[in-house]
Amino acid sequence: MAPYVELKENIILGEEDKVIEVVRTLLDAGNDPSEIMFEGLIRGMSEVGQKMKCGEMFIPEVLASAQAMRGGLELVKPLVVKEKLLDISMGKIVLGTVHGDLHGIGKNICSLMLQSEGFTVLDIGEDVPTEKFIEVAKQEQPDILGLSALMVNTMPVMKEVIEALERSGLRDKVRVMVGGAPISQAFADKIGADGYAPDAVAAIDKAKQLLSK
Amino acid sequence: MATKLQLNVLSSEEVNSIYEKTLGILSTKGVKVNHPQALKILDKAGAAVNFDDQQVKFPKDVIEWALQTVPHQVTLASSDGKNDMILPHPSGKIYGGTCIQSMRYLDPDTNTYRDFTLSKVAEWYQLIDALDGIGTAAIITPGDVPEETSDIHGLKVAFENCSKPITLLAYSLESVEYLFELMLVKAGSEAALRKRPMLRISPTSFTPFEFKPMDIEEIIQACRYGVPLYPNALPISGATAPITIAGTVLLSSVEQLAMLVMAQLMNPGHPIILTAGDWTMDMSTGKCLMGSVEGALCIAATIQFVKDAFHIPVSASAYSDAYSPDGQAMSEKTLKGLLNAMAGVDVLGGIGRTGAPNTASPVALILDSNMVNIVNRTIMGVKVDDDTLALGDLLDTVPGGHFMERRHTLQHCREALRPELFMLPKSVEIWESEGGKDLYARGVDRYREIKKELQPEQLPEEVQREMNLIAKRADERLGK
């Protein structure tokens, strides 16, 4: 079996130990680490992404694949030149549940899925004060700020965050995505968000769409 | 007497196994209670409290005492006494309960989604009063009031427009006191509220194994005033709960029992209606499904467990994932309605809800009320006695004869359920000539007919005035 095919297949199967074993073998055989990373690991995850999109793979399977890929990535990353590492990330996303809301399960699933798709995700937790969103947005300069809310009385806080971004002069520097069980496209439009996704898989597509503009 | 139809999702051994494990988890692992005052109360009352990590364990003897103390029957009062809810229903029927918190509705006149306004919320409650399949009205969220007080306005409008018992939950810690002020004004006094509580309030667990300050505050205040609680666990199988049905039933039981025990420790004999809930996570997309078959089975299993193990009233909802009241909605809701009713549910909630985010439908309210009536007739089963066997008539009838003119037929001819929305014209040609309307369209017609007759409640002036003042004060203090 060709080496990268074996690597990709084990990523799809979520076999972390096998992925690590194959990567070690490839490195020992003198293969280029950046080629292993891009042609084997990242391409393998890309195939996982395709299979997820058409419903062939389910979320827990995708997460297992992502875990397997990360196992291999940890071996090659230190060996890849810094410049080439910049090409890995699909974009930087900061995620948080708004102030007054402790719910985080949907956001956590989104975080895992976005990471598995190659985004760099910084999850700043739940019940995040609006000021903290602004502070992190200034420091981290994310491409996307993702806001989550599950309760009727915390949905309006999303608008407050957007307004705070405007006051801070950051609104045109970051795209805002919103999500959560009570959120709808109509609500997202009403508060001036750039994107809304009804579930974790849709969030990946929306994030990619926003960053392609 | 007919035998009520019953469904055993779980065997008695399985019920016992879940019971033992529920008590085991509560006594050895416990739950997190994020409320300093409650921790002190529970500590003093016999729970094992760790104040550092807010973890509370309930010894088995305390749990068993609570299960002995909790009442087996709960009555929710209507304002005119004509629609009191006695749980369990003396004849074994179920009550319909409407969906809670909805912010939008599917407008029957324009077929578009719109935000609820105060006037539309008022109409919603009046519609509930007019539908016989509905026992309790849950609060709805008006969009033309301050967001911070929308639950307070929702309850106020409910009291102004609905005579039936109300189902309530607080949207924030800050609004709890105003909600109880409204209840006291409506009832007239603490004693009156305690004697004839006209609503039930829902604390909800923060699954898994945690309770937020707002929900514990609801328990404290409800226990103070004698307002029945309907503790709600909302596990999401595969996300916040085990992916398997049995694991979710176990987790749900732990959280509901924790709230039951807390209430009994705060107010021994406090009325409780437990709530069986489950959403399942679609493993392909991550979307929470409200209408899945697995969710329906999980809820039915939880209902049966509560009935067999705790012997107290139980609620559950029959939600659907369909965005409008279509064939999917009716089939998912009817499946759940029947499963829940046969498993022993006392209140079937979610009436009027669609699968769109926080969205209700007045037409779904009518169709679902129809469904409750059908479920009620179904679960009442088959009456077998000398009269219904009609042995005499059978022996008397000649081969090829008929029963149309028999006295027996005359005596029973009006007993069959005739769901009005299902009574189609006599022929398909007549149906076509009248527009060929499907169920939803017939529901829209019915909505328009009922709407002409809707009336608000007539509250005494001083009660109305007090309620207005409470809402105004809440807006001034909590509104931004």
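Just so you know, these numbers come straight off a predicted model, no measurement behind them. Throughout this document, residue positions are counted from 1 along each chain, in the order its sequence is written. Whichever chain is written first becomes A and whichever ligand is written first becomes 1, with later ones labelled in order. Totals for whole chains, interfaces and linings use all residues, but because this is a predicted model, local features are given only for residues with pLDDT of at least 70 and pairs of side-chain atoms are given and counted only at 80 or more. Hydrogens and water molecules were not included; the side-chain quantities draw on all heavy atoms of the structure.

A. Region of the structure containing the sheet that holds strand 14 (residues 274-276) of chain B. Residues and elements named next belong to chain B. The strand order 11-10-9-6-18-17-14 describes an open sheet built from 7 strands, whose pairing is parallel. With one partner strand each, in any of the chains shown, strand 11 (199-201) and strand 14 form the two edges of the open sheet. Between one strand and the next, the sheet's axes are offset by a mean angle of 25°, whatever the strand orientation. The pairing of strand 10 (residues 166-168) with strand 11 spans 3 bridges and is parallel. Bridged to isoleucine 166 within strand 11 is leucine 199. Contacts are residue-level and defined by heavy atoms, with any inter-residue pair within 4.5 Å sufficient. Here an angle of 0 to 180 degrees is reported between the N-to-C directions of two axes, which are lines fitted to C-alpha atoms, with helices fitted over the stretch in contact. For helices the rule is a DSSP run of H or I covering at least 4 residues; for strands it is a run of E covering at least 2, with both sets numbered from the N terminus onward. Set on the sheet, helix 5 (residues 150-161) makes contact with strand 10 and strand 11; between it and strand 10 the angle comes to about 175°. Only strands joined by at least two bridges in the DSSP assignment are considered to pair.

B. Looking closely at the interface of chain B and chain A. Counting from both sides, the interface comprises 24 residues of chain B and, opposite them, 24 residues of chain A. Taken together, the two surfaces of chain B and chain A that pack against each other cover about 1,900 Å², and 69% of this comes from carbon and sulfur. Throughout this description, the term salt bridge denotes a Lys or Arg side-chain nitrogen within 4 Å of a carboxyl oxygen of Asp or Glu. Taken together, chain B and chain A are joined by 2 salt bridges. Under this definition, polar contacts are N or O atom pairs within 3.5 Å; protein pairs additionally need one hydrogen-donor-capable and one acceptor-capable atom, and for neighbouring residues in sequence, both atoms have to be side-chain atoms. Run the count over chain B and chain A and you get 5 residue pairs in polar contact (both at pLDDT 80 or more). Along the lines of polarity and charge, the residues of the side of chain B that touches chain A split into 8 nonpolar, 9 polar and 7 charged. Two parts placed together each lose some accessible area under a 1.4 Å probe, and adding up what both lose gives the buried area. For this classification, Asp, Glu, Lys and Arg are treated as charged, while Ala, Val, Leu, Ile, Met, Phe, Trp, Tyr, Cys and Pro are nonpolar and the rest, including Gly, are polar.

C. Spatial organisation of the pattern of salt bridges. Going through the model one piece at a time under the given rule, you end up with 30 salt bridges over all chains. When the shortest N-O distance is used, the salt bridge between A:Lys208 and A:Glu117 registers 2.6 Å. Taken together, the residues A:Lys208 in helix 10 (residues 200-212) and A:Glu117 in the loop between helix 6 (105-116) and strand 2 (120-123) connect sequence positions 91 residues apart. According to the relative accessible area criterion, A:Glu117 is buried, its value standing at 17%. For B:Asp368, the salt bridge identified is with B:Lys333, shortest N-O distance 2.5 Å. Of this pair, B:Asp368 sits in helix 12 (residues 362-379) while B:Lys333 sits in helix 11 (residues 327-343), placing them 35 residues apart in sequence. Residue B:Asp368 shares its accessibility class with B:Lys333, and that shared class is buried. Linked by salt bridges that have partners in common, B:Asp109, B:Lys120, B:Glu123, B:Arg448 and B:Lys451 make up one network. Only protein chains enter the accessibility calculation, which uses a 1.4 Å probe; a residue is then buried when its area is under 20% of its type maximum, exposed when over 50%, and partly exposed in between.

D. Structural view of the packing of aromatic side chains. All names here are of chain B. Between the rings of Phe, Tyr and Trp (Trp by its six-membered ring), a pair exists once the centres lie within 6.5 Å; its type follows the angle of the planes, with under 30 degrees stacked, over 60 edge-to-face, and the other angles tilted. Summed over all chains, the structure comprises 4 aromatic pairs over all chains. For the pair phenylalanine 116 and tryptophan 124, a centre-to-centre distance of 5.7 Å together with 80° between the ring planes defines the contact as edge-to-face. Residue classification places phenylalanine 116 among the buried positions, given a relative accessible area of 2%. On the basis of relative accessibility, which here comes to 2%, the residue tryptophan 124 falls in the buried class. Relative to phenylalanine 310, the ring of phenylalanine 305 has its centre 5.3 Å away and its plane inclined at 75°; by these criteria the two rings are edge-to-face.

E. Up close: the side chain of B:Thr207. All names here are of chain B. Following the sequence through the fold, threonine 207 ends up in the loop between strand 11 and strand 12 (210-211). A residue is classified by how much of its surface remains accessible, and threonine 207, at 10% relative accessible area, is buried. Only 3.4 Å separates the side chain of threonine 207 from the side chain of serine 205, close enough to count as a polar contact. A polar contact of 2.9 Å, which involves the side chain of threonine 207, links it to the side chain of glutamate 255. When residues no more than four places from it in sequence are discounted, the contact partners of threonine 207 are Leu234, Pro235, Thr240, Leu251 and Glu255.

F. View of the sheet that holds strand 16 (residues 288-289) of chain B. Residue and element names in this part refer to chain B. An order of 13-15-16 is seen for the 3 strands of this open sheet, with the pairing classed as mixed. The open sheet terminates on both sides in strands that have one partner only, identified here as strand 13 (236-237) and strand 16. Both strand 15 (residues 279-281) and strand 16 contribute to a ladder of 2 bridges, which runs antiparallel. Directly across from methionine 281, in strand 16, lies its bridge partner cysteine 288.

G. A look at the nonpolar core. Membership of the largest hydrophobic core comes to 141 residues, with the highest contact counts inside it found for B:Val33, B:Leu42, B:Phe58, B:Tyr125, B:Met183, B:Leu260 and B:Phe310. With 12 residues, helix 9 (residues 245-266) of chain B is the largest single contributor of residues to this core. Apart from residues lying up to four places away in sequence, B:Met183 is in contact with B:Phe159, B:Leu168, B:Leu193, B:Met198, B:Leu199, B:Ile201 and B:Val227. To qualify as a nonpolar core, a set must consist of buried Ala, Val, Leu, Ile, Met, Phe, Trp, Tyr and Cys residues joined through side-chain atoms within 4.5 Å. Within the second largest apolar cluster, 43 residues are counted, among which are A:Ile11, A:Ala66, A:Met113 and A:Leu210.

H. Spotlight on the confidence of the model for chain B. A residue's pLDDT is simply how confident the predictor is in it, with values from 0 to 100. A residue-level look at chain B finds 100% of positions with pLDDT of 70 or above and a mean pLDDT of 95. Of the two predicted TM-score estimates for the complex, the pTM is 0.91 and the ipTM is 0.85.

I. Here's a closer look at the environment of B:Ser163. Residues and elements named next belong to chain B. Assignment of secondary structure puts serine 163 in the loop between helix 5 and strand 10. When its relative accessible area of 5% is taken as the criterion, serine 163 is described as buried. Sequence-wise, serine 163 and glutamate 457 are 294 residues apart; in three dimensions their C-alpha atoms are separated by 6.8 Å. Among residues more than four places away in sequence, those in contact with serine 163 are Ser78, Ser79, Asp80, Asn83, Asp129 and Glu457.

J. Geometry of a negative patch on the surface. Residue and element names in this part refer to chain A. Here the term patch refers to residues with relative accessible area over 30% and no salt bridge, with like charges joined within 9 Å and nonpolar side chains (Val, Leu, Ile, Met, Phe, Trp, Tyr) within 5 Å. Surface accessibility follows the Shrake-Rupley procedure with a 1.4 Å probe radius. Residue values consider only the protein chains on display as shielding. For the purpose of counting charges, residues Lys and Arg are taken to be positive, whereas Asp and Glu are taken to be negative. His and the chain ends are not included. A charged residue contributes its charge at one atom only: NZ of Lys, CZ of Arg, CG of Asp or CD of Glu. Side chains of Glu6, Glu9, Glu15, Asp17 and Glu21 sit close together on the surface and give a patch of like negative charge. Of all the elements in the fold, those that place two or more residues in the negative patch are helix 1 (3-13) and helix 2 (16-28). Residue placement: glutamate 21 occurs in helix 2.

K. Main features of unusual backbone geometry. Residue and element names in this part refer to chain B. The amide bond that connects leucine 87 to the next residue, proline 88, takes the cis arrangement and shows omega of -5°. Tracing the backbone through its elements, the reader meets proline 88 in the loop between strand 5 (85-87) and strand 6 (95-98). In the segment running from threonine 207 into proline 208, the intervening peptide bond is cis, with an omega of 0°. Note that proline 208 resides in the loop between strand 11 and strand 12. Located in the positive-phi region is asparagine 358, a residue other than glycine, with phi close to 50°. Mapped onto the elements, asparagine 358 comes out in the loop between strand 18 (347-351) and strand 19 (359-360). With relative accessibility at 8%, the residue asparagine 358 sits in the buried group.

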